[in-house]
Structures are given as structure tokens and as C-alpha cells.
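# Descriptive structure summary
Listed below are the residues making up each chain.
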Amino acid sequence: MLPCFGYAQQAITGMVTESDGVSPIPGVNIVIKGTTSGTISGMDGSYSINVNEGETLVFSFVGFVSKEVLVGQESTINVSLETDAIGLEEVIAVGYSSKKKTEISSAVVNVSSEKLQTSTSHDVATMLQGKVAGLQVMSDQQSVGGSPQMRIRGSGSISASSSPLWVVDGIIGGSFDPQDVADITVLKDAGATGLYGSRAAGGVIVVTTKRGKAGDTKVRISSTTGIVKPNWGNLEFMDGPEFYDLIRRGFALGGKTESEFLALFPSEVRNVNYDWMGFMYDQGFVTTNNISLSGGNEKTTFYLSGNYNHEDGILRSDVYDRGSATLNLSHKLSDKLSIQLNTFSSFVKNQNTTSFTVFNVPFDTPYDEDGNVRPQDWVRNNYYTQERINFALPEELGSYNERGTLTLNPSLKLDYNPTEWMSVSASTRINYMSSVLERYDADGAQSTDIGGEVRNNLTRNSDILTNAILRLYKSYGEHALSGIIGGEFNEITHKYFEAHGAGYSGESTILDVAAVPQSVSGNNRTTTYNSFFSQVDYNYQSKYFFTGSYRVDGSSRFGANNRYGQFWSVAGSWMLSNEDFINDLGLFNSLKLRSSYGLTGNASLDDYVHLNTFTLDASYMGENALSALSIGNPDLTWEVARTFNLGVDASVLDNRISMTLDYYYSKNSDLLFRVPLPAEFGYSEQWRNIGRLDNWGYELALDIAAVKTPDFNWNVNLQIGYSQDEVKELPGEAIDADEDGLLDNSIVYLGSDLFSNKILQVGGNRSMFYAAEWYGADPQTGGARWVSGYNNDGSPVLTDNREEALWLTAKGMPDFMGGFTNVFEYKGLSLETVFSYAFGDFTIIRDNAYDNDGQYLFRPEMVVYGQEDRWEKPGDVSSRTPWVYQGDLRSSQYSSKYWENGNYLKLASLSLGYSFNKNVTQRLGLGALKVFARGENLKVWHKSSGISPELTGFDADAPTRNSRPLPSKVVFGIDLTL
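Everything quoted here is computed from the prediction, not taken from an experiment.

Thresholds, definitions, all that
- Residues numbered from 1 in each chain as written.
- Predicted model: local features only at pLDDT ≥ 70, side-chain atom pairs only at ≥ 80, totals over all residues.
- Heavy atoms only, no water.
- Helix = DSSP H or I, 4+ residues; strand = E, 2+ residues; numbered from the N terminus.
- Rg over C-alpha atoms; globule rule 2.2 N^0.38 Å.
- Buried < 20%, exposed > 50% of the residue type's maximum accessible area, 1.4 Å probe, protein only.
- Areas by Shrake-Rupley, 256 points an atom, 1.4 Å probe, with all protein chains shown as cover.
- Lys, Arg positive; Asp, Glu negative; His and termini not counted.
- Charge placed at Lys NZ, Arg CZ, Asp CG, Glu CD.
- Contact = heavy atoms within 4.5 Å.
- Salt bridge = Lys/Arg side-chain N within 4 Å of Asp/Glu carboxyl O.
- Pairing = 2+ DSSP bridges.
- Axes fitted to C-alpha atoms, helices over the stretch in contact; angles between N-to-C directions.
- Domains from an automatic or database assignment.
- Buried area = accessible area lost by both parts, 1.4 Å probe.
- Polar contact = N/O pair within 3.5 Å; in protein donor to acceptor, adjacent residues only side chain to side chain.

## Quick word on the overall build of the chain
Counting its secondary structure elements, the chain contains ten helices and 49 strands. Its C-alpha atoms give the chain a radius of gyration of 32 Å, near enough to 30 Å, the size a compact globule of 978 residues would have. The C-alpha extent of the chain, read off along each of the three principal axes, is 130 × 70 × 70 Å. Expressed as a percentage of the 978 residues in the chain, the buried residues total 51%. Accessible surface, the chain as shown: approximately 42700 Å² in total, 54% of it carbon and sulfur. Averaging the positions of the 77 positive and the 115 negative side-chain charges in the chain gives two centres separated by 5 Å.

Following this line, the structure appears as C-alpha cells:
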């Protein structure tokens with residue numbers, strides 16, 4: 001018998017948690033020091049490892065300080081890890097999973113709640129403006145509570161939506177309050193979005209809401225109050241005397257006599273100068289209140305919040321109220337089984353009495369000399385404005401327009417961890433929305449003669465999603481492998497009903513008492529998705545990382561021929577800073593090279609377009625009649641985006657400077673498009689897959705700690721995005737047989753505004769509009785001139801016939817977009833500025849409704865920014881023809897003269913705050929106390945005639961949007977923790 005030396009090997013189990021001793025940390029590397037043997041902690045933080053007494057276990061996880069523990073005779077070792085402050089080492093939610101930042105091989109950006117809360121807005125899109133390279137946010141000022149449009153890396157589709165997919169707490173869709181957001185991750189390339197397949201062509205925005213932690217209950221209270229004012233930018237109309245004199249000259253140039261002019265415009269009219277802009281829009285009031293409670297114990301944690309927002313909008317009688325409540329509850333049923341319940345509910349009420357359409361001329365007034373509202377009969381016979389609407393009447397006569405919207409969004413998640421290397425989860429989320437509109441237009445408030453009108457409608461949407469996911473984790477020495485396999489089902493239902501009655505006297509405003517029933521309409525729609533997905537992650541020595549994903553999506557929006565689509569992605573990265581040859585340089589704190597390629601899809605189109613559809617809304621001999629509604633396409637298939645990304649992440653000077661640089665190229669094929677059909681088909685259009693659109697660009701993000709001292713800090717964040725797109729393929733041959741400047745296979749259609757023609761042609765941009773090339777006024781006659789061609793020396797050939805003009809195209813989306821942030825901190829005082837910008841495009845802000853040459857006599861006239869005066873006499877050189885009453889109106893037809901520079905720089909937000917030190921807060925019995933002032937949309941610098949080029953939207957063709965001012969807000973607030 002031989003003696004045995006050393007200690008016997010034993011099994012050690014335990015939990016790895018954060019410093020609170022409760023919150024588990026999954027994925028912690030646990031290695032026997034001096035060896036390659038080890039394991040990783042499971043989803044619940046548990047681990048098990050065989051080790052000899054006297055050996056040392058090393059616990060390490062990115063974002064936490066490593067810890068060494070000497071093994072004695074105990075069988076259980078629980079470890080708490082302290083947070084490491086190094087910025088790179090953070091855990092980021094990327095949808096179905098969370099990863100260390102160093103492990104991510106894709107283009108993602110994480111924004112913390114602290115960076116979001118510098119805005120006064122109640123929507124996350126505005127909070128993100130200027131803070132993420134490649135993310136473009138277009139403000140929506142059309143109504144209080146409206147949400148901006150968003151695009152990630154431009155638009156990769158033509159007719160289908162290019163909006164990003166929202167994922168809330170790991171589940172597609174969902175609702176939340178911005179005050180409850182813990183952080184937001186923007187997924188930009190296929191390596192990050194590929195796991196979402198057909199839902200992710202427009203990128204993905206992952207929202208993680210706040211959760212409680214074990215320990216004492218924390219109470220946080222915040223409140224803001226302030227004002228909101230209309231910001232008109234460069235939009236200006238002629239005042240009464242200016243407009244009167246313009247019309248007088250126009251009558252004379254048109255051959256009319258002075259007496260003919262005075263018969264329509266008596267001399268006393270010149271002295272009338274009513275400010276309709278000031279009447280319709282004025283200063284409003286805004287307030288926000290929030291209270292939250294969070295805490296728990298080792299078994300149960302909770303986060304509970306309530307939020308209330310009120311805003312008297314800048315539009316007359318526009319009122320917005322929003323209340324919401326959130327409850328996030330987590331409970332451990334056992335060491336292996338846990339449950340999460342997230343609930344969000346909100347109720348929003350919008351009210352207004354004025355339905356704004358156009359501005360009135362300054363000669364019209366809403367009140368008579370005694371201060372009484374002018375009645376509709378008087379308005380109809382005496383107003384100069386073409387529409388003859390007195391916007392004071394609806395409010396005076398009791399008209400109203402109210403919409404109430406209820407949102408309920410509960411979700412339930414069950415996690416089961418049978419071993420430290422495997423977990424199973426099942427989730428269900430229901431997003432329910434019910435919206436009721438009640439509108440009453442009082443008798444005499446409108447220009448029609450059908451008496452008072454009542455319109456009620458009801459919208460109900462339900463979005464039910466359920467999924468089941470298996471997650472696997474395993475490490476073998478220097479190798480770490482993890483995987484995801486899951487299935488998902490989603491059903492989206494929309495129901496709508498509307499009834500309309502007329503002939504109300506004002507005694508009652510319910511539908512049942514309508515003297516003249518007008519219409520009843522409604523529709524039901526259902527969309528379903530059925531999906532299966534998988535992903536594998538591998539890393540070696542924490543230097544080399546690989547991710548691959550595969551997803552199959554089925555959608556009811558496509559016919560049986562192409563109902564399922566397959567999508568995949570691969571991504572890899574090399575942590576160069578973990579290599580000795582890079583470390584020896586002594587330059588980089590971190591350096592990572594990464595790349596990805598993959599396929600994502602787009603199914604954002606109307607329901608049932610693959611089917612021939614019919615309607616029963618017609619009648620024949622007193623019976624319902626069937627009539628054709630749309631022609632289907634059973635071969636309709638998915639749009640597919642094939643995206644390549646190459647990026648580098650680096651930090652130097654003790655992480656004082658961090659940089660992210662990305663290049664991307666996306667080929668978007670089988671584009672979903674509404675193709676216009678010839679009249680003989682009996683249908684106006686059909687959805688088809690046509691053509692290819694490519695978009696590409698560069699993105700640069702810089703974080704600089706410019707000054708870092710014990711008392712003073714200055715941090716700079718710079719975001720630059722360069723984006724281009726090009727139509728590569730369209731049906732037919734791309735030739736210009738008639739030499740008019742437009743290719744014969746171009747698709748010409750009207751944008752969101754009938755005044756701005758848009759065009760798709762090979763070699764052009766997605767957001768491109770076209771028009772006859774304008775030259776200006778003839779110096780001798782003042783007549784309109786266009787360019788019909790060019791001589792060999794480049795000089796233009798001019799014509800006075802618009803039909804002979806060349807067609808000119810212009811890009812409606814900027815080349816460069818981004819933002820920059822400065823944060824200054826001195827002791828407890830902080831100042832933050834956020835700017836956003838866009839350069840390199842044209843925009844259409846004005847149109848011939850407010851800038852014409854006599855075509856619309858009874859509309860106000862814009863003051864065109866930065867342009868010379870109109871032609872008045874022979875010898876004048878001007879790009880603007882004279883304003884002539886009933887003259888040659890061809891110059892008012894759409895042409896390139898309405899295009900303007902779309903560049904802008906906006907001071908998106910400005911924040912000034914003071915955080916009291918602990919000596920003060922402890923004396924007050926508080927955990928923290930901060931007072932602050934914030935401003936939003938304070939100034940836009942641009943050289944166009946409207947309010948702001950960003951208001952034209954992503955198609956840059958919406959002049960009517962620039963008739964409503966940008967709301968500028970200034971609020972004062974307090975934030976305290978008990």
C-alpha cells in the first residue's frame with residue numbers, strides 16, 4: 001500500500017452576485033489559479049467546480065473587479081464582486097441576451113438613462129437625438145404628444161417601412177415610459193440585428209427598463225414645470241401694408257385700373273394687419289411629475305413608478321394629458337426557478353377645438369369692432385382668404401375634438417436553470433390599445449351648410465407575442481461557448497369602427513340624435529408571425545470572438561408561395577489590445593477590430609396585399625354589392641437586406657479618449673413597391689417586388705474626457721454619420737431615349753405633398769425629387785424662363801416654355817448627420833449642451849400656396865429667406881418673376897425655384913443643474929437632491945424659408961409640415977431620493 005500525499009479533490013458550489021449580495025451575475029469565469037481548468041456561472045449566478053483544498057479560485061467578469069478565494073474545507077463559497085469603473089467593461093442588453101461589451105462583434109451603441117434625461121421630452125426618440133451616430137431623428141411638431149420619425153443608417157426600402165424594431169425587456173414590441181428606462185441599446189448592423197430576421201431591416205432599438213435591487217426601499221421623486229413657446233424659425237409672412245402694396249402693383253402690372261383694385265381692396269384695408277400666427281399659436285404650460293419606489297430582498301425585488309404629464313400646447317386649445325404606471329416584479333420561486341412580471345399601463349387624453357388648415361390673410365380678423373366673434377355667414381361673404389374659415393368660431397360655438405387612448409402592456413417571464421450551463425425561459429407579452437375619438441363640429445363653425453357634425457370612432461389593437469428560449473453556456477479552459485435556440489409566435493389584430501352624423505343643433509352631441517346620418521365604416525385586420533431562431537457565440541482567450549445566427553420567419557402578409565423567409569448573420573471580432581504585440585506599444589487601453597455580414601428582411605407592408613380583395617360598401621337595388629378593391633400578388637416575397645459592416649473600437653490615454661469607427665454597405669433587393677397600373681387594369685396599383693436599392697456610409701463616434709480634475713470635468717461626445725444611397729435596378733431599360741433628363745424606366749410618383757414630385761431612377765437616390773430647371777425672370781419682360789439645354793461651353797439654353805425645360809433632380813436626404821454634446825461639471829454644478837445637425841441636401845419648405853406670382857390672390861404671401869426682390873421694371877435682374885394679378889401663372893408651377901438648402905444646426909437641449917453634496921442631503925434626510933433647468937429646441941440655424949428643414953420628414957417633401965412651429969420648451973425641476 002502506497003501513501004497518499006496532498007488533499008482530496010472536492011466539489012465546491014456557490015453563488016456569484018453583485019456587491020449587494022443578491023443580484024446574480026451570469027457568465028462569470030471561475031478558474032483554478034495556475035491552471036486552465038474552470039467553469040462559468042449560470043443564469044442565476046450559481047456554479048459548481050471540482051477543486052483541491054489549498055488551491056485558489058479566480059472569479060472574473062468584465063465590468064467587475066476580479067476576486068481570488070483560497071479553498072479550505074468548506075463545500076460552499078459565495079462570492080460578491082465589486083463593480084469596475086472602466087467604461088469598456090459593461091454588460092449590454094442586445095435583445096434575447098446580454099453580453100459584455102468586449103464580447104460584442106457588431107455595431108451597437110448603448111445610451112444610459114443619465115444621458116437620456118437631459119431632454120424635457122416625453123418620448124425616447126427625441127432623447128436620443130444627436131447621441132447616436134447613424135441615428136436620424138426628425139421632429140414631429142404636428143400635435144402635442146406626437147412622436148418623431150426615426151431612421152438607423154437611412155432608408156433601405158421605398159414603400160415598406162424603414163422604421164426600427166423596438167424590443168422592450170427582451171421581448172419584441174411593448175410600451176414603456178421614458179422615465180422608467182434604465183438604458184437603450186441601438187443595434188445597427190446585421191451581426192446585431194440578424195437574430196430578429198424579417199423584423200430588423202430598419203435596425204433594432206433595445207430598451208431595458210428599471211428594476212429593483214435587494215436592500216432598503218428607495219423612493220425617488222422628480223418634478224418639472226415650465227413653458228413651451230412657438231419657434232417660427234425663418235418662417236415669415238408679409239404684413240398687411242406689405243401685402244396690400246404687392247397686390248396693388250400686381251393689379252397694375254396685370255392691366256387693371258386703380259378703381260378696379262379699390263373696388264376689391266378699399267384703402268382702409270391697408271391698415272388692417274391681424275396676426276393670425278399669434279392668434280393660432282401662443283405660449284403654453286408644461287409639467288411632469290414622477291415618483292418611483294424600488295427595493296426588495298434576496299427572494300423578491302420590485303420597481304414601481306407613476307408618471308403624469310400635462311401640456312397646454314402652443315396650438316390654440318391643444319391640451320395633452322398622460323398618466324402611466326409601471327410595475328416590474330422579480331421573484332425567486334426556488335434556487336432554479338424564477339419569475340418576472342412587468343406591467344405598464346397608460347392613459348392619454350388629447351383635446352383641441354381648432355382644426356388648423358391654412359393661414360388667413362392679414363386683412364381678415366376673427367372679431368368685430370365690439371370684440372364679438374365674426375359668424376360664419378359674415379365670414380363667407382366678407383373674408384378675403386380663399387378658404388373663408390374663422391378659426392375663432394369652433395371654440396366660441398363649443399366644438400371639440402377629444403381622443404382618449406388606453407394602453408395595457410403586461411408581460412410574464414419564467415426562467416428555469418436546471419444546471420449552471422443551461423437555462424430555459426418562456427415569455428408572454430400582451431400589448432393592448434383602445435382609442436376613442438369624439439369630435440363635434442358645431443353648427444356655424446365650418447364653411448359647410450349641413451349643420452353640426454358628430455364623428456365618433458373606436459380603434460382597438462392587440463399585439464400578443466409568446467416565445468420559448470433555451471440558452472446554453474459552457475467553458476473549457478480558454479474556450480467559452482454559448483448558444484440560443486428559440487421559437488416565437490406573434491399575432492397582431494387591428495379593429496376600427498367609425499360613425500358620422502350631421503344636422504346637430506347643439507342640444508345634444510351623441511350619434512343617436514343625428515338628423516342626417518352620414519356614414520358608417522369599419523375594418524378588421526390580423527397579422528401573424530411564426531418564427532424559429534438560433535445563435536451561437538464563441539470566444540477564445542477573450543481575444544477572438546465569433547457570433548452566428550439563423551432565423552426562419554413566416555408571415556401572413558405573404559402568399560403561400562413565399563410565406564417563409566430565411567435570414568442569417570455572422571460576426572467576428574479580434575481584441576487586439578489583449579495581444580502582446582499591441583500591449584508592447586503602450587498606446588492603447590483597448591483596441592478591437594470587428595466585422596459582420598448577414599441577411600435581414602422587411603415585411604412592413606399592408607395586410608392582405610397578396611390576395612385579391614373586395615369590398616361590400618357599395619349597393620345595388622337596395623342590396624349590398626360586391627366590388628373589386630385591390631389586385632393581389634401571390635408571388636410577393638420578402639425584401640432582403642444584405643449588409644456588411646467593418647468597425648474598430650479604440651481607447652487611449654487611460655480611456656480619456658474612446659473612438660468607434662464603422663463602414664457599412666447594404667444591398668436591399670426584392671423591394672416592396674406599390675407599382676402604378678394602367679387604367680385598363682381596373683386597379684390603380686399592385687404591390688410587387690422590384691429593383692434594388694443600396695445604401696452605404698461611415699460613422700464616427702468620439703468620447704473625450706477633455707479635462708479631468710477632482711473639482712472640474714469637461715467631457716465631449718461627437719457623432720458623425722455619412723450616408724448615401726442609390727437605386728441600382730428598376731424594371732425595364734435605363735435609357736433616356738427622349739433626352740429630357742429622365743430615364744425611360746424611371747418611376748415617377750407624388751410624395752406626401754401633392755406639390756412635390758418624386759422620382760425613382762437608376763443611379764439616383766431614394767429620396768430624390770425632380771422639377772423643371774428654373775432660371776429666373778427675363779430682365780426685359782419679367783417673364784418666366786427655364787433651362788432647356790446647355791451649349792458646349794456650359795452656358796444655358798433658355799426657354800419661356802416650361803414644357804421644353806430640362807428636368808432636374810435633387811437629393812432630399814442629407815449626406816452628413818449627427819450631433820455633439822458637451823458636459824461641464826464643477827463640484828456639484830453641471831452644464832450640458834446637445835446639438836444635432838444635417839448637411840448636404842435640398843428641401844422643399846415653401847410651395848405655391850404661400851409663394852406664388854398671383855396664382856392665389858387670397859392667400860398670405862411668404863417672405864422668401866435670402867432671396868432678392870421680385871422683378872419690377874426692365875433691366876432688373878432677379879430669379880423671381882413679378883407678382884401679377886391674373887397674369888402668366890406658369891412661373892407658379894412647380895420648378896426647381898422652390899428648392900432650398902436643407903442644412904441645419906440645432907441646439908437640441910441645454911441643461912443646467914446642481915447636485916447638493918452629501919453633507920447637505922444627510923442633514924435633510926435625503927439620499928440625493930438635484931435642482932435643474934432644461935431647454936429643448938431652443939434654436940435652429942438654417943438658410944431656408946421655413947421653420948426648420950428637419951420638419952420636412954425623411955422624404956424632404958412636405959411644405960405643409962413647415963406651417964406649424966417647432967415647440968421650444970424651458971422647464972425647471974427637482975429630483976430627490978429618499
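We are not done yet, so read on.
## Examining the side chain of threonine 600
Within the fold, threonine 600 resides in strand S29 (residues 588-602). Note on threonine 600: relative accessible area 3%, which makes it buried. When near neighbours in sequence (up to four residues on either side) are disregarded, threonine 600 contacts Thr193, Gly194, Gly197, Ala200, Ala201, Phe567, Glu639, Val640 and Ala641.

## Regarding the pattern of salt bridges
A full pass over the atoms with the stated rule returns 36 salt bridges. We note a salt bridge from arginine 594 to aspartate 662, for which the minimum N-O separation is 2.7 Å. One end of the pair, arginine 594, is in strand S29; the other, aspartate 662, is in strand S33 (residues 657-676), with 68 residues separating them in the sequence. Per residue, the accessibility class of arginine 594 equals that of aspartate 662, and both read buried. Glutamate 729 is the partner of arginine 692 in a salt bridge, and the nearest nitrogen-oxygen pair spans 3.9 Å. One end of the pair, arginine 692, is in strand S34 (residues 685-708); the other, glutamate 729, is in strand S35 (residues 712-729), with 37 residues separating them in the sequence. The exposure class assigned to glutamate 729 is partly exposed, which follows from its relative accessible area of 42%. Connected through salt bridges with shared partners, the residues Asp851, Asp853, Glu861, Arg870, Arg880 and Lys897 form a single ionic network.

## So, the sheet that holds strand S3 (residues 38-40)
Taken in spatial order, the four strands line up as S3-S2-S5-S6 in an open sheet, and their pairing is antiparallel. With one partner strand each, in any of the chains shown, S3 and strand S6 (67-70) form the two edges of the open sheet. For this sheet, the mean inter-axis angle between neighbouring strands, taken without regard to orientation, is 20 degrees. With four bridges joining them, strand S2 (residues 29-32) and strand S5 (residues 56-60) adopt antiparallel strand pairing. Its bridge partner being in S5, isoleucine 30 is matched across the sheet by phenylalanine 59.

## Considering the domain arrangement of the chain
Accessible area lost during the coming together of the parts is what is often quoted as the interface size. Entries for the chain in the domain assignment read domain 1 (10-80) and domain 2 (212-249 + 259-390). Using only C-alpha atoms to locate each centre, domain 1 and domain 2 end up separated by 56 Å. Counting residues at the interface gives six residues for domain 1, matched by seven residues for domain 2. Interface area for domain 1 against domain 2, summed over the two sides, is near 430 Å², with a carbon-plus-sulfur share of 50%. Connecting domain 1 to domain 2 are one salt bridge. The closest approach of N and O atoms between lysine 213 and glutamate 18, which form a salt bridge, is 3.5 Å. For the interface between domain 1 and domain 2, the tally reads zero residue pairs in polar contact (both at pLDDT 80 or more).

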